[in-house]
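Next come the chains, spelled out residue by residue.
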Amino acid sequence: MGSGVSWQRAVATFLPGFAAAVATGAFGVSLFQLPLSRFFLLTAAGVFAFVFFFAAVRRPQWLSPVLIVVLAAEIFHLKLHQPHFTSTAEIKMPDVVAAIPEQQRQDYKFFNLTALAPISLDPASADVDVWFRRELAAVAPSTNLIWNVPSLGGAFALNLRRQSMLEEHIRNEATGQTGTAPGMRLMDLLGIRYISSNVPLRTPGLRLLRHEAANILYFYTNDYARPRFQSFEYAVPVADAASAFDKLKTLAQPVLVVEADQDQLERAGALQSEGAGLPPATDSARAEPALAVTPLLATADHYRFNVDAKRGGWLFVADNMYPGWAATLDGKPTPLFAAQVMGKAVWVPAGKHSVQITFTSRSFQLGLAITVVTMLSVAGLLLASRHRARAIAV
């Protein structure tokens, strides 16, 4: 009788785990079968049935071995096919980037309209090479970092809220769907000069720069794009980024739209000089700019300028605003305002001045401080516990 009970217990323990492993393996294989088949649905139902079965019979000790089997099946399935690796010889500067002078690459941005999607590619397929070449040739978002080329549209783990707010609108501008006059579009104000597309564009102000038939790519130059560093004489204050976006879509002339109220502008000195503040409705832009700006340093987190201001004006940098950016004027802190939704601006009074705009990650500093304090605390607790243990032993 005793041996019979042991045999039944062994079977009862082995069969559910074996069945779960078979169902999970079949489920993993069926994931690569499109469209979804009946086999896919049956194996999926089987996996969920086992989960509910474990919950019903209250045998949580079975979950651990089954999960180990599931993990092993997944690893085994992924190793069935050797992934196809693209040669490093493919990683070379795209011809369209190489043809643009270095200074223009830094002064203006790229924008990609191709919407290439590698998600559906089989990693074992040689088509990965074709997609990879097209991605690099199109200067797709994030690949621009390889060549140190500014781009609008790149993203890492988290999209910037301001970028997400404008991206669809700028895409519509680039494809000619907004009807906004050239020179007044957001892509003009933010310095988007080079646009890649997999279809021909007939947008006013865009000029065909290059056509690569092999990659099915068209590159266009936006002749109305403004450079990264700009000067403005007038600023229109708004409450927030959404209000700035709405205002920019209705402007009749290029004006800086800053996220600030009248009091903030006054404290910055921006309302104490002739020509600053709100522009008259009939005023036209003066032929001579208020500021002569000489960039001395331009990196990802530090800008330095010499500014010769004939009269007060705004220095605008077409680079995204983010918490942690700060400005100094002649070595003293000065307000830095979010402007044109995806840029930052500082007011510069008349005269010759040195302006610096720098980025310091407060969250990184806070995280570093917490880490250091935690490590010191843990080290102190370990030393204290060892001291107590020795005292008890004595």
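Definitions and cut-offs
Residues numbered from 1 in each chain as written. Predicted model: local features only at pLDDT ≥ 70, side-chain atom pairs only at ≥ 80, totals over all residues. Heavy atoms only, no water. Pairing = 2+ DSSP bridges. Helix = DSSP H or I, 4+ residues; strand = E, 2+ residues; numbered from the N terminus. Contact = heavy atoms within 4.5 Å. Axes fitted to C-alpha atoms, helices over the stretch in contact; angles between N-to-C directions. Buried < 20%, exposed > 50% of the residue type's maximum accessible area, 1.4 Å probe, protein only. Arc of directions from axis to C-beta. Polar contact = N/O pair within 3.5 Å; in protein donor to acceptor, adjacent residues only side chain to side chain. Patch = residues over 30% accessible without salt bridge, like charges linked within 9 Å, V, L, I, M, F, W, Y side chains within 5 Å. Areas by Shrake-Rupley, 256 points an atom, 1.4 Å probe, with all protein chains shown as cover. Salt bridge = Lys/Arg side-chain N within 4 Å of Asp/Glu carboxyl O. Parallel < 35°, antiparallel > 145°, perpendicular 65-115°, else oblique. Left-handed = near helix turned anticlockwise from the far one by under 90°. Nonpolar A, V, L, I, M, F, W, Y, C, P; charged D, E, K, R; others polar.

> Explanation requested: the sheet that holds strand 5 (residues 217-222) in the structure shown.
Working definition: the strands of a sheet are paired by backbone hydrogen bonds and lie parallel or antiparallel to each other. Read from one edge of the open sheet, five strands run 2-1-3-5-4, paired in mixed fashion. Strands with a single pairing partner mark the edges of an open sheet, and in this sheet they are strand 2 (151-152) and strand 4 (206-212). Two elements, strand 1 (residues 109-112) and strand 3 (residues 192-197), share four bridges in a ladder whose sense is parallel. By the bridge assignment, F111 is partnered in strand 3 with I195. Its contacts with the sheet place helix 7 (residues 161-174) against strand 1, strand 2, strand 3 and strand 4, and it is angled at close to 85 degrees to strand 1.

> Explain helix 9 (residues 241-248) here, please?
An α-helical turn contains 3.6 residues, so any two residues separated by three or four positions project in the same direction. Every buried residue belonging to helix 9 is among A241, A244, F245 and L248, and all of these are buried. Axial view of helix 9: buried residues confined to an arc of 100 degrees, hence all on one face. Tucked into the core, helix 9 has its buried residues touching helix 7, helix 8 (186-189), strand 7 (235-238) and strand 8 (256-259). The N-terminus of helix 9 is capped by D240, whose side-chain oxygen sits 3.4 Å from the backbone nitrogen of A242.

> Is there a simple way to explain a nonpolar patch on the surface in this structure?
A cluster of nonpolar side chains, F364, L368, V372 and L376, forms an exposed patch at the surface whose accessible area comes to about 410 Å². When you line up the elements, F364 lands in helix 11 (residues 362-393). The class of F364 is exposed, set by a relative accessible area of 55%.

> Could you clarify how one ought to interpret the sheet that holds strand 10 (residues 302-309) in this entry?
Read across the sheet, five strands follow the order 9-10-16-12-13 without closing on themselves; strand pairing throughout is antiparallel. The open sheet is flanked by strand 9 (291-298) and strand 13 (332-334), the only strands paired with a single partner. Going from strand to strand, the sheet's axes swing by 30 degrees on average, the running direction of each strand aside. Two elements, strand 12 (residues 325-329) and strand 13, share three bridges in a ladder whose sense is antiparallel. Bridge pairing links L329 to K332 in strand 13.

> I'm lost on the pairing of strand 15 (residues 343-348) in this one. Help?
Both faces of the sheet carry side chains from a regular strand, because those side chains alternate between them. When you tally the buried positions in strand 15, you get six out of six residues, the bulk of the element. Residues G343, A345 and W347 of strand 15 are buried on one face, and the alternating residues K344, V346 and V348, pointing to the opposite face, are buried as well. Across five bridges, strand 11 (residues 313-317) lies against strand 15 in antiparallel orientation. Across the sheet, residue G313 finds its bridge partner in strand 15, namely V348. Bridge count between strand 14 (residues 337-339) and strand 15: three bridges; the pairing is antiparallel. What sits directly across from F337, in strand 15, is A345. Remark: three residues form the turn of the hairpin made by strand 14 and strand 15, two consecutive strands paired antiparallel; Q340 in that turn has positive phi of roughly 50 degrees.

> Sorry if this is basic, but what is going on with the environment of A140 here?
Inspection of the secondary structure puts A140 in the loop between helix 6 (127-137) and strand 2. According to the relative accessible area criterion, A140 is buried, its value standing at 2%. Sequence-wise, A140 and S196 are 56 residues apart; in three dimensions their C-alpha atoms are separated by 8.4 Å. When near neighbours in sequence (up to four residues on either side) are disregarded, A140 contacts N112 and E135.

> Please clarify how the pattern of salt bridges should be interpreted in this entry.
Once the charged atoms of two side chains with opposite charge are near each other, the side chains can pair. Counted by the stated rule, this structure contains nine salt bridges. A salt bridge links E259 to R162, with the shortest nitrogen-to-oxygen separation between them at 2.6 Å. In this pair, E259 is assigned in strand 8 and R162 in helix 7, connecting sequence segments 97 residues apart. What makes R162 buried here is its relative accessible area of 13%. Taken together, the shared-partner salt bridges connect D95, R210 and E212 into one network.

> For this particular structure, what's the right way to read helix 6?
Inspection of helix 6 places V128, D129, R134, E135, L136 and A137 among the buried residues, and these make up the whole buried set. Buried residues along helix 6 sit against helix 4 (95-98), strand 4 and strand 5.

> Can you help me understand the packing of helix 7 against helix 9 in this one?
Orientation of helix 7 relative to helix 9, taken along the N-to-C sense of each, is 25 degrees, at an axis distance of 11 Å. Judged by the angle between their axes, helix 7 and helix 9 are roughly parallel. Of the two elements, helix 7 crosses helix 9, and the hand of that crossing is right-handed. In contact with R161, R162, M165, L166 and H169 of helix 7, helix 9 contributes A241, A242 and F245. Residues belonging to the contact of helix 7 with helix 9 are distributed by class as follows: five nonpolar, one polar and two charged.

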